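Each chain is listed here by its residues.
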Amino acid sequence: MKQKRLLEKLGISIRDLEYNGFAQAETIFSKFENEKGAILLSSGGSANHHGRFDIIVARPFKSLITNYSGSLICSQGNLTHSNKHGFDLLEQEWLATISKHSPLTDPQRQLTKEFPFLGGVVGYWSYDLGRYTENVDLKRPTTVTIPLMQIGFYDWAIIIDHQQQQSRLLTYGLNEQTCIEHLYQEIIELTFQETEKTFELTSTWESSLSQKDYFKQIDKIFHHIQQGDTYQINFTQCFTANFIGEPWAAFVKLNISNKAPFSAFLRLDEENSILCLSPERFLAIDDLTVITQPIKGTRPRYSDPVIDCQAAYDLSRSEKDRAENLMIVDLLRNDLGKVCVPGTIEVPQLFDICSFEAVHHMVSTITGKLKSASETISLLRQAFPGGSITGAPKKRAMEIIDELEPHNRSIFCGSIGYIDQFGNTDTNIAIRTLVCQKSRIYAWAGGGIVADSNAQDEYQESFDKLKKILPIL
């Protein structure tokens, strides 16, 4: 009770909900999943330090949308155009929000530490938004036409803590029209006897590249590397199919199979949804401490535990994968160093092996420190898109990717996540990510190509990464 009174002094109100296990987020979110702007950030049923929380938000009181033609601000039903785009627009609107209060004191930080999100923005930034951050003229046709950025400002959230086995509704005082008692009653009176939603493919998956064409493009990458244009290129292919049914039903099925710690479902509008099963963190900020955890290096999982253990061991000893991982660590150290306090960049973990449902990955951790929360958007802008999904050097790698990939990436290799009103941030790299657009579904996969890559192995790796996605749908 004392904690609730102290939180209310910060404008934060809280109501306890009954905790019903790992399926609770999906049960509650099914009430909101058809609403434009509804978002579920899912830990994938994981209670470890990476994926402790599920977060549900809906009904944003303000939305920011950047398209190729410009930007829109929707606030309380009113639409206005903006000359700013992407991170510039976000920074303008977010700074206006955080300027309304003082930074948290140390006691307040301790009080709010058990809540990962304290009201603010949630949404996505597509890879194609990188044309602005890296000043790259991307020329690929936009087959997937969702916005470059779609961000909502949210004044309430349901936070489910699988570690403490608690479920709570919080409101944050950002929008005077929010009524916690009305929301609380609406949620506890939910009934879940509706007709079960279904999803079904009506065609086979088709790739944007035949195996022959894939190998041709890999040869071109080797040529660029030999010419000194790049050290590494993250090269992908896009798979498409037709479907009928509800994207939410597809996400539920995939979430059970993948259990990825940075998963998400975003309902953009009645025709477009994003389904993300990502294992990779992009940028997180907690009390001005920055962390990024790039993935480079992959081996498939096996049902035989002895073979599976050997695959993880082989990855840990692979000189090729270590070299590939280290290139991206250096790139991200440089990205963080553009904004973080000089001398604070560290690499506390290098070449860790993390095992997920479909694959083993090699993961490293880089940390730094910000001077103030107001630098949060600047950090995202400088580091975007994540180096693990471009290559090095970043700008030249993006130019080569645009030259060789016969599809636009859209949200794939972009980022999904939140930035709250106090600067607390967690964002993913949107790999293992699908877009449902009208009656067509898109999925992408790829990997880093370096001088000693084997084209056949790289081709197979893209299928290994999707073996818990494409066959299941």
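Cut-off values and rules
Residues numbered from 1 in each chain as written. Predicted model: local features only at pLDDT ≥ 70, side-chain atom pairs only at ≥ 80, totals over all residues. Heavy atoms only, no water. Axes fitted to C-alpha atoms, helices over the stretch in contact; angles between N-to-C directions. Helix = DSSP H or I, 4+ residues; strand = E, 2+ residues; numbered from the N terminus. Parallel < 35°, antiparallel > 145°, perpendicular 65-115°, else oblique. Left-handed = near helix turned anticlockwise from the far one by under 90°. Contact = heavy atoms within 4.5 Å. Nonpolar A, V, L, I, M, F, W, Y, C, P; charged D, E, K, R; others polar. Phe/Tyr/Trp six-rings, centres within 6.5 Å; stacked < 30°, edge-to-face > 60°. Buried < 20%, exposed > 50% of the residue type's maximum accessible area, 1.4 Å probe, protein only. Core = buried A, V, L, I, M, F, W, Y, C linked by side-chain atoms within 4.5 Å. Salt bridge = Lys/Arg side-chain N within 4 Å of Asp/Glu carboxyl O.

### Some points on the packing of helix H7 (residues 211-226) against helix H13 (residues 455-465)
Relative orientation of the contacting elements H7 and H13 amounts to 120°, with a least axis distance of 10 Å. Taken together, the axes of H7 and H13 lie oblique to each other. Between H7 and H13 lies a crossing whose hand is right-handed. Facing Gln211, Tyr214, Phe215 and Ile218 of H7, the residues of H13 in contact are Ala455, Gln456, Glu458 and Tyr459. A per-class count over the contact of H7 with H13 returns 5 nonpolar, 2 polar and 1 charged.

### Some words on the packing of aromatic side chains
Summed over the entire model, instances satisfying the criterion amount to 21 aromatic pairs. Between the aromatic rings of Phe412 and Trp444, the centroid separation amounts to 5.6 Å while the plane-to-plane angle is 5°, which identifies the pairing as stacked. Of this pair, Phe412 sits in the loop between helix H12 (394-404) and strand S22 (415-420) while Trp444 sits in strand S25 (residues 440-449), placing them 32 residues apart in sequence. What makes Trp444 buried here is its relative accessible area of 1%. Taken together, a centroid distance of 6.4 Å and an interplanar angle of 25° make the contact between Tyr442 and Trp444 stacked. Each of the two residues, Tyr442 as well as Trp444, counts as buried.

### A word on the nonpolar core
Counting 94 residues, the largest nonpolar core has Leu90, Trp125, Tyr172, Phe235, Ile274 and Ile416 as the members making the most contacts within it. Residues contacting Leu90, with those up to four places away along its chain left out, are Leu64, Val121, Trp125, Ile151, Ile377 and Ile419. Leu40, Ala241, Trp248 and Leu434 belong to the second-largest nonpolar core, a separate cluster that totals 41 residues.

### Digging into the pattern of salt bridges
Tallied over the full model, the rule gives 24 salt bridges. One salt bridge connects Glu181 with Arg15, and the closest N-O pair in it is separated by 2.4 Å. Of this pair, Glu181 sits in helix H6 (residues 180-188) while Arg15 is found in strand S1 (residues 13-17), placing the two residues 166 residues apart along the sequence. The partly exposed category is assigned to Glu181, whose relative accessible area is 37%. For Arg381, the salt bridge identified is with Glu91, shortest N-O distance 2.8 Å. Highlighted residues: Arg381 in helix H11 (residues 376-383) and Glu91 in helix H3 (residues 86-98), separated in sequence by 290 residues. Exposure remark for Glu91: the relative accessible area of 18% places this residue in the buried category. Within this structure, Glu33, Lys197, Glu246 and Arg267 form a network of salt bridges that share partners.

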